[in-house]
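The primary structure of each chain is shown beneath.
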Amino acid sequence: MAEIAYWEAIRRAHDEELAHDHMVIAMGEDIGVAGGTYKATSGLYQKYGAARIIDTPISENSYTGIGIGASMAGVRPIIEIMSINFALLALDTLINAAAKIRYMSGGRASCPIVMRTPGGTAHQLAAQHSARLARMFMSTPGLRVVTPRGPLDAYGMLKSAVRCNDPVIIIEHESMYNMRGEVPDEETFRPLEGAEVVRGGTDITLIGYNYSVHLCLAAADKLAAMGVSAEVLDLRALRPIDRDSIRRSVEKTHKVVIAEEDEATVGVGSEIISVIIEECFFALDAQPVRVHAADVPVPYNRQMEKAAIPNADDVLAAALKVLGRV
Amino acid sequence: MNASDQKRLLREMIFYRRFEERSFEAYMERKIGGFLHLYSGQEAVATGVLEMARCGHDYVITGYRDHIHAIKAGAPPREVMAELYGKETGSSRGRGGSMHIFDPTVNFMGGYALVGQPFPLAAGLALACKHKGTDQIAICFLGDGANNQGTFHETMNMASVWKLPVLFVCENNLYAIGTRIDRSTAVTDQYKRVAAYDIPSSQHDGQDIDVVMAAATNAIAHVRGGKGPYFIEFMTYRQRGHSMSDSNAYRSKEEERLWLERDPLKIYGERLKKAKILTDKDIAAMEKSVLEEIENDIIRFAEESPEPRVEDLNKYCLDDKPDPRWIGPLTQGEQHG
Ligand SMILES: Cc1ncc(C[n+]2csc(CCOP(=O)(O)OP(=O)(O)O)c2C)c(N)n1
Ligand SMILES: [Mg+2]
């Protein structure tokens, strides 16, 4: 068991899958010779060559389309989009094609692509580089959407995504690439479905995904110091949502906060609350509260950027509100 | 062009270089955040093209490497620097930052982060000029890498069919971040690519401002004369990394050295010296006055300006004074049918 960084975990998964199956390739801007914006493919060009580690032009919609086409004919592309904001250019091939090809072919064709892309607000990158957009992908039937919170899932979910026969979107985060965590030395696969209780508790459930799990964990620490036992649930997959795990936790704690870095409208939190109402409405002791981004494009100014995005104290404040302690 | 204009142009280019290098320092001091794409090495292109345009009248639009285009188009440099500092007095009131400088008062319609996005926006500005029947044109500055986006091809086609008054300026600096042009692009001479859309085009040295101005004069005359779009390519080179974190590891030292010899400031400065318009002493004095202006006026303004107020987070999201006739709410009578 070694402690490695999130980017190293992704790199290792690429390396193992490329070695395992000649049909696996990687595509994206600056991933080859330059080693990748987040170093997630560093050294792989030298090891596997230009035919398998493909530096693409800045043509997101079409190289995603090329990846999709290749996947229909047996190739397994891992497509890196430098930022989820740029993935918007690939929505036609991704949503109109990849997500629908299996269905509209009556199950006779499939698109086993993996698209990896970081969402999230960080480093004052301003409005056109700061969108989260998870909610848009999670609402698209035909896709799988996963959100690894640390190196173990980043490694093991990428490996599963490559093996899986559906199109899988892996949403990473600008602020997580240097985050460290333990990953087993032996080959490991992590499931693409299923939420995970990352901290057990009895008084309140804090639900997060991707980076917001870390906000929940930090808030849970503070709550523990106040004598409150908070359970932290990492959704891990936004599509499909693990309804059972949500229900089980709410039936135990009867109180819920949902932390999302995205805006609230038609978002992850609204979906979770709908699930709770449908699954276990009568288990609730208090109204659920969503912690979310301000409903604005992300501003450049540092203070304003901070104000636009939720932090651990916001999760704590929401929890205290649900607990009736304010 | 008379000697006083030539001196002014050299000073402008020196100013642009120092402005960028000073913002680099401010970035290192963490006064500036986000991405910061500097224009050092490419000054002759924006300076030369916009010198021949009618700034304040014509529309100008570009990507994220936008500080100097904005300033030459007429945006006050202190406001551009204040924007880099994220201040309320900045060109975009601290909301946009380095990649999103706007000054609509001089028709500088923005810097955009999404590669290739400004192509259709520029054509749209041109469509508006044509629609209104003015003699304005739209000028779009983008890099070589942007030409691999679908928007390039779609926009070239429409601009040509509709004979839009738009000048596309391609700043070919041979790289898109770390990818050299021949590794990403089938036809490396960019001006050839618009032949498919029947758009006239040409390729020129982008390091020599006299060459740039001569070429721009013809191109602008074509566009303003109602003959439709023109695509002009300038060969140039960025002296710094793509953004702050880039070490240029993918470029050879020899290539960098050759291009540094063709520094646009050096080329123009030498020419003015040879023509006895300026001496080394004059240029040194120019450098000094530029540095003083940047330090005493521009940096000071940026430093002393206030931050935006966090309470104003929602400001500018939508019109803050909408006409209730169009927005509602429904009157009580209407609500109850
Ligand atoms: C749609 C989109 N894809 C990718 C990027 C990341 N990116 C930013 S700049 C750039 C290179 C652009 O190169 P070029 O057009 O030649 O302009 P230069 O930076 O050389 O001036 C890339 C790939 C982006 N900003 N937008
Ligand atoms: Mg370039």
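Draft legend 1. Main features of the domain arrangement of chain A. Residues and elements named next belong to chain A. What the domain assignment lists for chain A is domain 1 (2-183) and domain 2 (196-322). Here the C-alpha centroids of domain 1 and domain 2 sit 26 Å apart. If you look at the interface, domain 1 gives 34 residues, while domain 2 gives 30 residues. Remark: the boundary between domain 1 and domain 2 carries 6 salt bridges. Notably, a salt bridge pairs Glu-196 with Arg-149, separated by 3.1 Å at the nearest N-O pair. Our count for the contact surface shared by domain 1 and domain 2 stands at 24 residue pairs in polar contact (both at pLDDT 80 or more). Elements with a minimum of two residues in the side of domain 1 that touches domain 2: helix H6 (134-138), strand S6 (144-146), helix H7 (151-163) and strand S7 (168-173). In terms of residue count, the dominant contributor to the side of domain 1 that touches domain 2 is H6 (4 residues). Of the residues that constitute the side of domain 1 that touches domain 2, the class distribution is 17 nonpolar, 11 polar and 6 charged.

Draft legend 2. Structural context of the pattern of salt bridges. Residues and elements named next belong to chain B. Throughout the structure, instances matching the rule amount to 66 salt bridges over all chains. A salt bridge links Arg-8 to Glu-51; the nearest nitrogen and oxygen atoms lie 2.7 Å apart. Separated by 43 residues along the polypeptide, Arg-8 in helix H1 (residues 3-28) and Glu-51 in helix H2 (residues 43-52) bring together distant segments of the chain. Overall, Arg-8 belongs to the partly exposed group, its relative accessible area being 31%.

Draft legend 3. The interface of chain B and chain A, seen in detail. In this complex, chain B contributes 37 residues to the contact, which on the side of chain A involves 32 residues. Taken together, the links from chain B to chain A amount to 1 salt bridge. The residue Arg-183 of chain B makes a salt bridge to Asp-55 of chain A at a minimum N-O spacing of 3.0 Å. The tally of links between chain B and chain A comes to 16 residue pairs in polar contact (both at pLDDT 80 or more). Among the residues making up the side of chain B that touches chain A, the classes are represented as 15 nonpolar, 15 polar and 7 charged.

Draft legend 4. Region of the structure containing a nonpolar patch on the surface. Residues and elements named next belong to chain B. Taken together, the side chains of Leu-127, Met-158, Val-161 and Trp-162 make up a nonpolar region of the molecular surface, amounting to roughly 380 Å² of accessible area. Note that Leu-127 resides in helix H5 (residues 118-132). Classification of Leu-127 as partly exposed rests on a relative accessible area of 40%.

Draft legend 5. Layout of the packing of H1 of chain B against helix H11 (residues 280-304) of chain B. All names here are of chain B. Two elements in contact, H1 and H11, have axes separated by 9 Å at closest approach and are oriented at 50°. What the angle tells us is that H1 and H11 run oblique. The way H1 lies across H11 gives a crossing that is right-handed. Two secondary-structure elements touch here, H1 through Lys-7, Leu-10, Arg-11, Ile-14, Phe-15, Arg-18, Phe-19 and Arg-22 and H11 through Ile-283, Met-286, Glu-287, Ser-289, Val-290, Leu-291, Glu-293, Ile-294, Glu-295, Ile-298 and Ile-299.

Draft legend 6. Up close: unusual backbone geometry. Residue and element names in this part refer to chain A. Following Arg-239, the chain continues to Pro-240 via a peptide bond in cis, the omega torsion being -5°. Examined against the element boundaries, Pro-240 turns out to sit in the loop between strand S12 (237-239) and helix H9 (243-253). Despite not being glycine, Leu-133 shows a phi value in the positive range, around 65°. With respect to the element layout, Leu-133 can be found in the loop between strand S5 (114-119) and H6.

Draft legend 7. Fine view of the site of ligand 1. In the vicinity of ligand 1 lie 21 residues, with Glu-60 of chain A together with Tyr-64, Arg-65, Ala-113 and Gly-145 of chain B positioned nearest. More than one chain reaches ligand 1: its neighbouring residues belong to chains A and B. Contacts to ligand 1 include Gly-145 of chain B, whose backbone N or O atom sits 2.8 Å from an oxygen atom.

Draft legend 8. Summary view of empty space enclosed by the protein. All names here are of chain A. For the structure shown, the criterion picks out 3 cavities of 30 Å³ or more. The computed volume of the largest cavity comes to approximately 110 Å³. What lines the largest cavity is a set of 14 residues, among which Arg-132, His-173, Tyr-209, Asn-210 and Glu-261 lie closest to the centre. Only S7 and strand S13 (256-263) provide two or more residues apiece to the lining of the largest cavity. Broken down by element, the residue count for the lining of the largest cavity peaks at 3 residues, all from S7. Its residues assigned to classes, the lining of the largest cavity shows 4 nonpolar, 6 polar and 4 charged.

Draft legend 9. The arrangement of the nonpolar core in detail. Counting residues in each nonpolar core, the largest one holds 64 residues, and the members touching the most others are Phe-19, Val-49, Ile-139, Phe-141, Leu-167 and Val-169 of chain B. The contacts of Val-169 of chain B, once residues within four sequence positions are left out, are Val-45, Val-49, Ile-139, Cys-140, Phe-141, Leu-142, Ile-232 and Phe-234 of chain B. Of all hydrophobic cores here, the second largest spans 54 residues; its members include Ala-97, Cys-111, Ala-131 and Leu-133 of chain A.

Draft legend 10. Just the coordination of the magnesium ion (ligand 2), in detail. All names here are of chain B. Binding of the magnesium ion (ligand 2) to the protein goes through Asp-144 (OD), Asn-173 (OD1) and Tyr-175 (O), at separations of 2.0 to 2.2 Å. Ordering the donors of the magnesium ion (ligand 2) by residue number gives the pattern D-x28-N-x1-Y. A residue pair is termed long-range when its members are at least 10 positions apart, and Asp-144 in the loop between strand S3 (138-143) and helix H6 (150-161) and Asn-173 in the loop between strand S4 (166-172) and strand S5 (175-176) qualify at 29 residues. Under the relative-accessibility criterion, Asn-173 is labelled buried at 5%.

Draft legend 11. Just the side chain of Glu-12 of chain B, in detail. Relative to the assigned elements, Glu-12 of chain B resides in helix H1. The exposure class assigned to Glu-12 of chain B is buried, which follows from its relative accessible area of 17%.

Draft legend 12. Spatial organisation of the pairing of strand S4 (residues 76-80) of chain A. Residues and elements named next belong to chain A. With 5 of 5 residues buried, S4 lies mostly within the body of the structure. What you see with S4 is no split at all: Arg-76, Ile-78 and Glu-80 on one side and Pro-77 and Ile-79 on the other are buried throughout. The pairing of strand S2 (residues 24-28) with S4 spans 5 bridges and is classified as parallel. Among the inter-strand pairings, Ile-25 is bridged to a residue of S4, identified as Pro-77. Direction of pairing for S4 relative to S5: parallel, over a ladder of 3 bridges.

Definitions and limits used
Residues numbered from 1 in each chain as written. Chains lettered and ligands numbered in written order. Predicted model: local features only at pLDDT ≥ 70, side-chain atom pairs only at ≥ 80, totals over all residues. Heavy atoms only, no water. Domains from an automatic or database assignment. Contact = heavy atoms within 4.5 Å. Salt bridge = Lys/Arg side-chain N within 4 Å of Asp/Glu carboxyl O. Polar contact = N/O pair within 3.5 Å; in protein donor to acceptor, adjacent residues only side chain to side chain. Helix = DSSP H or I, 4+ residues; strand = E, 2+ residues; numbered from the N terminus. Nonpolar A, V, L, I, M, F, W, Y, C, P; charged D, E, K, R; others polar. Buried < 20%, exposed > 50% of the residue type's maximum accessible area, 1.4 Å probe, protein only. Patch = residues over 30% accessible without salt bridge, like charges linked within 9 Å, V, L, I, M, F, W, Y side chains within 5 Å. Areas by Shrake-Rupley, 256 points an atom, 1.4 Å probe, with all protein chains shown as cover. Axes fitted to C-alpha atoms, helices over the stretch in contact; angles between N-to-C directions. Parallel < 35°, antiparallel > 145°, perpendicular 65-115°, else oblique. Left-handed = near helix turned anticlockwise from the far one by under 90°. Near = heavy atom within 4 Å. 1 Å grid on protein atoms, 1.4 Å probe; cavity = no way out; pocket = protein on both sides within 12 Å on 5 of 7 lines; lining within 4 Å. Points joined across faces, edges and corners; volume = space filled by probe spheres on them. Core = buried A, V, L, I, M, F, W, Y, C linked by side-chain atoms within 4.5 Å. Donors = N, O, S within 2.8 Å, 3.2 Å for Na, K, Ca; no water. Pairing = 2+ DSSP bridges.

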